[in-house]
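Residue-level structural notes
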Amino acid sequence: ICVPAVPVLFKQALESTDQEEGKSVSLRCELTKADATVVWKKGEATLQASAKYEMKQKGTVAELVIHNAEPEDA
């Protein structure tokens, strides 16, 4: 018996947020499947973990923290 894989969906999508320049901002989303692979992008560019971008994931919640936010991070 072949059972098709259940797709991962967003239970809670990202919400727009305003943040003061120079501060850290946290973006979170919740998925329907724990530990699903999450790729964060800005436009077509895939973001990589660095001193600026911190990616966290615990269970079904994925989080991107942008340190020292600038207008270009919008």
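As shown above, the structure is provided for reference.
Below is a summary of the structure that appears in this document. It should be emphasised that the depicted structure is a prediction, and the values quoted were computed from it without experimental measurement.

A word on the pattern of salt bridges. Taken as a whole, this structure holds 5 salt bridges when the rule is applied. Residue Glu30 pairs with Lys11 through a salt bridge whose shortest N-O separation is 3.6 Å. With Glu30 in strand 2 (residues 25-31) and Lys11 in strand 1 (residues 10-12), this pair connects stretches of sequence that are 19 residues apart. With relative accessibility at 56%, the residue Lys11 sits in the exposed group. Across the salt bridge formed by Glu70 and Lys52, the nearest N and O atoms sit 3.4 Å from each other. Highlighted residues: Glu70 in the segment after strand 6 (61-66) and Lys52 in the loop between strand 4 (45-46) and strand 5 (53-58), separated in sequence by 18 residues. Its relative accessible area of 38% is what places Glu70 among the partly exposed residues. Connected via shared salt-bridge partners are Lys52, Glu70 and Asp73.

Before going further, it helps to examine the environment of Thr17. By secondary structure assignment, the location of Thr17 is in the loop between strand 1 and strand 2. A relative accessible area of 42% means that Thr17 is categorised as partly exposed. Dropping the residues within four chain positions of it, Thr17 is found in contact with Val25 and Leu27.

Note that Asp73 resides in the segment after strand 6. Given the relative accessible area of 16%, Asp73 is considered buried. Only 3.4 Å separates the side chain of Asp73 from the side chain of Tyr53, close enough to count as a polar contact. Dropping the residues within four chain positions of it, Asp73 is found in contact with Lys42, Lys52, Tyr53, Ile66 and Asn68.

In terms of burial, strand 6 is a largely internal element, 5 of the 6 residues being buried. Of the pairings in the sheet, the one linking strand 2 to strand 6 comprises 6 bridges and is antiparallel in character. From the neighbouring strand, Ser26 faces strand 6, where its bridge partner is Val65. Two successive antiparallel strands, strand 5 and strand 6, enclose a turn made up of 2 residues, where Gly59 displays a positive phi of approximately 60 degrees.

Here is what the cut-offs are and how they apply
Residues numbered from 1 in each chain as written. Predicted model: local features only at pLDDT ≥ 70, side-chain atom pairs only at ≥ 80, totals over all residues. Heavy atoms only, no water. Salt bridge = Lys/Arg side-chain N within 4 Å of Asp/Glu carboxyl O. Helix = DSSP H or I, 4+ residues; strand = E, 2+ residues; numbered from the N terminus. Buried < 20%, exposed > 50% of the residue type's maximum accessible area, 1.4 Å probe, protein only. Contact = heavy atoms within 4.5 Å. Polar contact = N/O pair within 3.5 Å; in protein donor to acceptor, adjacent residues only side chain to side chain. Pairing = 2+ DSSP bridges.

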